[in-house]
Amino acid sequence: MTTSNPFFEPSDLPYALPPFARIRNDHFLPAFTRGMADQRDEVAAIGACAEPATFENTVEALERSGAVLDRVRRVFFNKVAADTDEEIQALEVEIAPRLAAHADLLLLDPALFDRLDALYEQRGELGLDEEQLRLLERHHTHRVRAGARLAPEQQRRLRELNAEIAALSTEFMQNLRVATAAAALVLDRAEELAGLPADRIAAAAEQAQALGHPGKFALTLKNFSCQTELAALEDPALRERLLAASLGRGIDSNGPVAVALAGLRAERAALLGYPHHAAWEVADRTAGTTAAVEELFGRLVAPAVANAEREGAALAEAAGVAEIGAADWQYYSERVRKERFDLDAAALRPYLELDTVLHDGVFHAAGLVYGITFTRRPDLVSYHPDAHVYEVHDADGSPLGLYIGDFHARESKRGGAWMDSLVAQSKLLGQRPVVVNNMNVAKPPAGEPVLLSWSEVNTLFHEFGHALHGLFSDVRYPLLSGTQVPRDFVEFPSQVNEMWADWPEVLAHYARHHVTGEPMPAELPARLREAENFGAGFRMVEHQAAAVLDWAWHTLSTDGDMPGEDEAEAFEAAALERYGLAMAAIPPRYRTGYFAHIFSDGYAAGYYGYRWAEVLDADTVRWFRENGRTIRESGEIFRRELLGRGGSVDPLAAFRAVVGRDAEIGPLLDRHGLTG
């Protein structure tokens, strides 16, 4: 078996696409074991090299190491997220702490660090080009931040902490899978779903069938708080049940895990010389300091709450009540939008069929802006039948990479939407990029159209922005490839790509009735934009509430009062009150029990980054609209100066290279109606 393991040799498929048709679950553990052993040997050889350290024999050698581990890691964690099973979940529990220990070995190896440190001290005299210098600095910074200068006893405790954090992060996500599945609402009759479009009711029947309830209807939960069905369900009692199921999931199992993770991260930060985890994280991000993040909160919270209160008053009036409840907010928002703006969200969906949005919207926009084209490759096997492979070509016809789209919900997939890289672009390794987008769109019965909500359209454009960041990567070194930029910068390109969803030329190309082919009525886009502005207060408050929860968990220190393992809900409530965001009618977009971004997905002390990056995004959208160039000319600048550079340059310098100055917050405030 070991000699035939598909991870042991580079893939011979186009673009080194992983050979999914040959990969079995029993290949993963041997490949992880060999991959880690190979890289340990490679790193030991670098450290033991008798020759003085050079960029080539130390930094480039490190970049070439770990090929087997890189191949198996990317495929395995894509499977964990997109197509898991019990065997994979058990293996994840086993492998997570081993990978954490392996990462510590690479980051804390004293012989390797001595060589990197020597090069770093003389970096100005080595004749390195810009990308080489950036690579050396990043390798050195990673190791200093990881504890390479700590005493051996401190490093021993650091390794223990990292292993515990990795194990608990895996436990959090696995608990969340179980809790989310258990919280699904199973209903006996279609009439109970009155208000939902017919295709969504049919999808609920399919979901119930998949969950083992034939003849019934299931509302499964998305990963955020306010479920999309709340806007349409006519039964107020069912709305209450659905929201309660969403808000309550995971707190029993994951509340103690969150408390434990916060404590371990606080201890690790103290060991590394920081007051708390947030300070350690932000020091290596574009924000730079916790004060800068808190200043952003201060600029946004009060006007967002005031805007939301105005919206709430309008909804209460429409409902004929003194105050609007959380379960009713979305429902009456749709009623008000329909009355004020003559816009019915359900009426948009027939014009937003998934394949048409993808090919004639997302791909078409990429062609307009960047000149690239997409060709379906049914001959290339992906990891699941729903995941389709496309070959991407540049404007001159040259090959660029592969794009995989996997858009449907299923039991084996975690909630949410995301981008992953299966092969990272690198000139050093001769690799072109292979990227994948995942969403969780309900799958209707066979033969029925897949109709999207406007929110899902925006999500598709957003995630595709991440994909473009990976596809356009044009660097030599794997560490600097694609989306490997600071966490509070990585959302910036994806948020910029959302602008094309309602760009008139793009919208007119894809928004066509899925039966008649008629274009969306010309007046709808303008009404849509007006209606979107009405909900800006709600969206800003729910997002800011999640951001401050993340911040509160990760500004805990070992010197302060840590909550007890059963006090997660009380801690949440106190944090929201402290930041002025305790609005009963607007729950945080994520609560602790299901906040996978920060307890499992690498966004700890980083959820603020969506808004931080949106400052750059809103300013860049203004630049696209007002710089006097054609869309195509502007797209080339954005690609050349920013998307293609990955982590090879300072990210804010890349922004300045595009826009010509530092970012201004005004366009963001205007976008959300926070200036009046």
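Since we're looking at a predicted model, the values are computed, not measured.

About the criteria used
Residues numbered from 1 in each chain as written. Predicted model: local features only at pLDDT ≥ 70, side-chain atom pairs only at ≥ 80, totals over all residues. Heavy atoms only, no water. Buried < 20%, exposed > 50% of the residue type's maximum accessible area, 1.4 Å probe, protein only. Helix = DSSP H or I, 4+ residues; strand = E, 2+ residues; numbered from the N terminus. Expected span 1.5 Å × (residues − 1). Contact = heavy atoms within 4.5 Å. Salt bridge = Lys/Arg side-chain N within 4 Å of Asp/Glu carboxyl O. Pairing = 2+ DSSP bridges. Core = buried A, V, L, I, M, F, W, Y, C linked by side-chain atoms within 4.5 Å. Axes fitted to C-alpha atoms, helices over the stretch in contact; angles between N-to-C directions. Phe/Tyr/Trp six-rings, centres within 6.5 Å; stacked < 30°, edge-to-face > 60°. Lys NZ or Arg CZ within 6 Å of the ring centre and 35° of its normal. Parallel < 35°, antiparallel > 145°, perpendicular 65-115°, else oblique. 1 Å grid on protein atoms, 1.4 Å probe; cavity = no way out; pocket = protein on both sides within 12 Å on 5 of 7 lines; lining within 4 Å. Points joined across faces, edges and corners; volume = space filled by probe spheres on them. Nonpolar A, V, L, I, M, F, W, Y, C, P; charged D, E, K, R; others polar.

(A) Quick look at unusual backbone geometry. The phi torsion at Y15 lies on the positive side, around 60 degrees, for a residue other than glycine. The exposure class of Y15 is buried, given its relative accessible area of 14%. You will see that A605, though not glycine, has its phi angle at about 60 degrees, which is positive. Taking the relative accessible area as the measure of exposure, A605 reaches 0% and is therefore buried.

(B) Representation of helix α8 (residues 198-210) within the structure. Here α8 contains 13 residues, and its C-alpha end-to-end distance of 19 Å stays within 8% of the 18 Å for a straight helix at 1.5 Å per residue. Buried within α8 are the following residues: D199, R200, I201, A203, A204, Q207 and A208. After α8 finishes, the residue G212 shows a positive phi value of roughly 90 degrees.

(C) Inspection of the side chain of E281 at higher detail. You can see E281 is positioned in helix α11 (residues 277-282). Classification of E281 by relative accessible area gives buried; the value is 14%. If we ignore the near neighbours within four places in the chain, the residues touching E281 are R145, A604 and A605.

(D) Structural context of the pattern of salt bridges. Counted by the stated rule, this structure contains 52 salt bridges. Where R349 meets D199, a salt bridge forms, and the shortest distance between an N and an O atom there is 2.7 Å. In this pair, R349 is assigned in the loop between α14 (345-348) and α15 (354-370) and D199 in helix α8, connecting sequence segments 150 residues apart. In this structure R349 comes out as buried when scored by relative accessible area, which is 6%. Given the relative accessible area of 17%, D199 is considered buried.

(E) Local environment of the pairing of strand β4 (residues 388-393). Burial runs high along β4: 5 of the 6 residues are buried. Pairing of strand β3 (residues 373-376) with β4, which is carried by 4 bridges, proceeds in the antiparallel orientation. Paired with F374 across the two strands is V392, which belongs to β4. Adjacent in sequence and paired antiparallel, β4 and strand β5 (residues 399-408) are bridged by 5 residues, among which G397 carries a positive phi angle near 90 degrees.

(F) Expanded view of the nonpolar core. Grouped together as the largest cluster of nonpolar side chains are 164 residues, with contacts concentrated most on L193, Y403, F461 and Y510. When near neighbours in sequence (up to four residues on either side) are disregarded, Y403 contacts L358, F363, F374, H388, V389, Y390, V392, V435, N437, F464 and A467. Core analysis: the second largest hydrophobic core is formed by 33 residues, Y15, A31, M36 and I404 among them.

(G) Just the side chain of N497, in detail. Mapping N497 onto the fold places it in helix α17 (residues 487-497). The contact partners of N497, leaving out residues within four places of it in the chain, are F461, F464, G465 and L468.

(H) Layout of the sheet that holds β3. Overall, mixed pairing links the 5 strands, which are arranged β3-β4-β5-β7-β6 in an open sheet. Every other strand in the sheet has two partners, leaving β3 and β6 (418-423) as the edge strands with one partner each. Across this sheet, the average inter-strand angle for adjacent strands is 30 degrees, counted without regard to direction. Sheet analysis places β5 next to strand β7 (residues 434-441), joined by 6 bridges and oriented parallel. Bridge pairing links H408 to V441 in β7. Relative to β5, α15 is tilted by about 150 degrees, and along the sheet it contacts β3, β4 and β5.

(I) Here's a closer look at the packing of aromatic side chains. On inspection of all chains with the given rule, the structure shows 37 aromatic pairs. Feature note: the residues F489, F492, W500, W503, W623, F624, F638 and F655 constitute an aromatic cluster, connected by ring pairs. Here the basic side chain of R268 rests over the ring of W280, its NZ or CZ set 5.3 Å away from the ring centre. The ring of Y331 has R335 sitting right over it, with the charged end atom 4.2 Å from the ring centre.

(J) Seen up close, the pairing of β7. With 7 of 8 residues buried, β7 lies mostly within the body of the structure. Relative to β7, β6 runs antiparallel, the two being bridged by 5 bridges. The residue of β7 that forms the bridge with W418 is N438.

(K) Structural context of the environment of Q209. Structurally, the position occupied by Q209 is in helix α8. C-alpha of Q209 to C-alpha of N533: the two residues are 324 residues apart in sequence and 38 Å apart in space. For Q209, the contacting residues outside a window of four places in its chain are P214 and G215.

(L) Fine view of the packing of helix α23 (residues 609-626) against helix α24 (residues 631-641). At a minimum axis distance of 9 Å, the contact between α23 and α24 shows a crossing angle of 140 degrees. The orientation of α23 with respect to α24, classified from their angle, is oblique. Of the residues in α24, those touching α23 at T620, W623 and F624 are I631, S634, G635, I637 and F638.

(M) Spotlight on helix α1 (residues 28-48). Here α1 spans 30 Å end to end across 21 residues, near enough to the 30 Å set by a 1.5 Å rise per residue. Lining the buried residues of α1 we find α2 (55-64), α3 (67-82), α4 (86-108) and α5 (110-121).

(N) Structural detail: the layout of surface pockets. Roughly 410 Å³ of volume is contained in the second largest pocket. Lining the second largest pocket are 25 residues, with Q425, K427, F472, S473 and D474 sitting closest to its centre. For the lining of the second largest pocket, a count of residues per class yields 7 nonpolar, 8 polar and 10 charged.

(O) Representation of the environment of L243 within the structure. Mapped onto the fold, L243 is located in helix α9 (residues 236-248). Counting along the chain gives 211 residues from L243 to W454, while the straight-line C-alpha distance between them is 21 Å. Those residues in contact with L243 that lie beyond four places of it in its chain are S225, C226, L230, A326 and A327.

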